[in-house]
Amino acid sequence: MGSPASLFNELNESEVCMAKDMNDVVVLAPTRELMTDPVSLSVGTHDGKFHADEVMACALLCKYHHLPVYVFRTRDPKLLTWCDALVDVGGAWDPVAMRFDHHQGTYTGDKSSAGMVLDWLVTKCYIDMEVADQLRHEYMDEIDAIDNGRTSKVGTSFSGVISALNHHNNDMIYEEPQTQRFEYAVKFVITLLDSLEPTYEQKVADWKIIRPMLDELPHTAEILELPEYMHWHAPVGLHENITRVIWPDHAKDEWCVQVPNRPGSIPGKPPSSFDLKPGTELYTEAMDYVKGCIFVHQGRWFGKTKTREQAYELAKYVHVIEYETRIDMFKDNPIKKEKVNGNSK
């Protein structure tokens, strides 16, 4: 029998290329020869039912580590000792030794195995700090909180979605079909990670354009018009007076009007919304008045028109909610305010 490295390359040459070039994941049956291969990173995690934390941890290593990553699912302590890294198994947190478990009583932090791996990748400069912060905001904070019992929210959360990918038959969770589902879950998360960096880079580019635009607006300005759709929510959310954002949808030759979300609003409701409720007399009259208005979302936070002028007309039908107080914004509104008061709730 050849050396571990030659055996590994003989058995998995195509998989090595796929994992390295495509940031993909390959889950293999645990053997000492494969787990000690010197030209790959072997990652051990537990078998059985999988959760968002070890799926994310494996995806992060596949995406950002410089070596091709192979995952081995087992709870056999002897097999696990051969792995370069362990996530969510092994009973130890030792970043130097690449041991990322949080179940042992000696660990008193607030990270799941995924949060531990992300921190390690940052310290090793495998991932940019700003991208890591975005990742924490989008996914990691929730994963850490759920896996450590600080919140019970699962349902349609990210953790709930990953949990739903497990095999529905408990008799199969230690069989090959469950391994295939685990591999699918990791690939799914890698796809999300692939979109994270370009999306973040686009946000930063958009913010660099929008912030000077906001600085140049009069302090009393209530509408921001953009040249096209941009990631405007964060910078506009810090501006006290902007209650409508308008931009052209060039692909459809239409115009969009949206009200921004803002910190401190009533939970579960947008802090601003169109004072138009589909099915009401006010809505009908407004549709007649704003000719070319295509529709207003039933949630009353978004609308579309055919022209720029009509978008500004639609923008008049907006009210602002601040905590428990509604402040109507109906300057130069052709529809009588008493009708608004009677139909806008």
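Below you will find a few notes about this structure. (Residues numbered from 1 in each chain as written. Predicted model: local features only at pLDDT ≥ 70, side-chain atom pairs only at ≥ 80, totals over all residues. Heavy atoms only, no water.)

### Examining the side chain of His102
Along the chain, the position of His102 falls in the loop between β6 (99–100) and α5 (113–123). Residue His102 is classed as buried on the basis of its relative accessible area, which comes to 6%. For His102, the side chain forms a polar contact with the side chain of Asp53, separated by 3.5 Å. A polar atom in the side chain of His102 sits 3.1 Å from the side chain of Asn148. Residues contacting His102, with those up to four places away along its chain left out, are Asp53, Asp88, Tyr107, Lys111, Ser112, Ser113, Met116, Asp147 and Asn148. (Helix = DSSP H or I, 4+ residues; strand = E, 2+ residues; numbered from the N terminus. Buried < 20%, exposed > 50% of the residue type's maximum accessible area, 1.4 Å probe, protein only. Polar contact = N/O pair within 3.5 Å; in protein donor to acceptor, adjacent residues only side chain to side chain. Contact = heavy atoms within 4.5 Å.)

### Let's talk about the environment of Leu224
Mapped onto the fold, Leu224 is located in strand β7 (residues 223–225). Judged by relative accessible area, Leu224 falls into the buried class, the value being 2%. Put simply, Leu224 and Val236 are twelve residues apart on the chain and 8.5 Å apart in space, counted from C-alpha to C-alpha.

### Notes on the sheet that holds strand β5 (residues 93–94)
Spatially, six strands are ordered β1-β3-β2-β4-β6-β5 in an open sheet, and the strand pairing comes out mixed. Two strands in the sheet have a free side with no partner beyond their single neighbour: β1 (26–28) and β5. The pairing of strand β4 (residues 85–87) with β6 spans two bridges and is classified as parallel. Following the sheet pairing, Val87 is matched in β6 by Phe100. Strands β2 (41–45), β3 (69–73) and β4 of the sheet are contacted by helix α3 (residues 52–64), whose axis makes an angle of about 180 degrees with β2. (Pairing = 2+ DSSP bridges. Axes fitted to C-alpha atoms, helices over the stretch in contact; angles between N-to-C directions.)

### Side note on the packing of α5 against helix α6 (residues 129–147)
Following both chains from N to C, one finds α5 and α6 inclined at 170 degrees, their axes separated by 10 Å at the closest point. On the basis of the axis angle, α5 is roughly antiparallel to α6. Residues Ala114, Gly115, Leu118, Asp119 and Val122 of α5 pack against Met129, Ala132, Leu135, Arg136, Met140, Ile143 and Asp144 of α6. Residues of the contact of α5 with α6, tallied by class, amount to eight nonpolar, one polar and three charged. (Parallel < 35°, antiparallel > 145°, perpendicular 65-115°, else oblique. Nonpolar A, V, L, I, M, F, W, Y, C, P; charged D, E, K, R; others polar.)

### Structural notes on the sheet that holds strand β11 (residues 293–296)
The strands making up a sheet associate through hydrogen bonds between their backbones, and the pairing can be parallel or antiparallel. Spatially, five strands are ordered β7-β8-β9-β12-β11 in an open sheet, and the strand pairing comes out mixed. The open sheet has two edge strands, β7 and β11, and neither has a second partner. Recorded for the sheet is a direction-independent mean angle of 20 degrees between the axes of neighbouring strands. Looking at chain direction, strand β8 (residues 244–249) and strand β9 (residues 254–258) are connected through five bridges and run antiparallel. Counterpart to Trp247 in the pairing with β9 is Cys256.

### Re the environment of Pro248
Here Pro248 shows up in strand β8. Sequence-wise, Pro248 and Thr307 are 59 residues apart; in three dimensions their C-alpha atoms are separated by 8.5 Å. For Pro248, the contacting residues outside a window of four places in its chain are Leu226, Pro227, Glu228, Tyr229, Glu254 and Trp255.

### Remarks on the packing of aromatic side chains
The description of an aromatic ring pair uses the distance of the two centres, along with the angle that the planes make with each other. Summed over the entire model, instances satisfying the criterion amount to ten aromatic pairs. A centroid spacing of 5.0 Å and a plane angle of 55 degrees characterise the contact between Tyr139 and Phe158, whose relative ring orientation is tilted. Here Phe158 lies in helix α7 (residues 158–163) and Tyr139 lies in helix α6, a separation of 19 residues in the sequence. This pair shows no difference in class: Tyr139 is buried, exactly as Phe158 is. Their ring planes at 40 degrees and their centres at 6.3 Å tell us that Trp247 and Phe302 sit as a pair that is tilted. One end of the pair, Trp247, is in strand β8; the other, Phe302, is in strand β12 (residues 302–305), and 55 residues separate them in sequence. Of the two residues, Trp247 and Phe302, neither departs from the other in class, the shared state being buried. Among the aromatic residues, those joined into a cluster by ring pairs are Tyr229, Trp232, Trp247, Phe295, Trp301 and Phe302. Stacked on the ring of Tyr64, the Lys or Arg Lys63 has its end atom at 5.9 Å from the ring centre. The positively charged end of Arg73 is found above the aromatic ring belonging to Phe182, 4.5 Å away from the centroid. (Phe/Tyr/Trp six-rings, centres within 6.5 Å; stacked < 30°, edge-to-face > 60°. Lys NZ or Arg CZ within 6 Å of the ring centre and 35° of its normal.)

### Some remarks on the pairing of β12
Going residue by residue along β12, you find Phe302 and Lys304 tucked away on one face and Gly303 and Thr305 tucked away on the opposite face as well. Note that β9 and β12 share four bridges and pair antiparallel. Among the inter-strand pairings, Gln258 is bridged to a residue of β12, identified as Phe302. Across three bridges, β11 lies against β12 in antiparallel orientation. Across the sheet, Phe295 pairs through a bridge with Lys304, a residue of β12.

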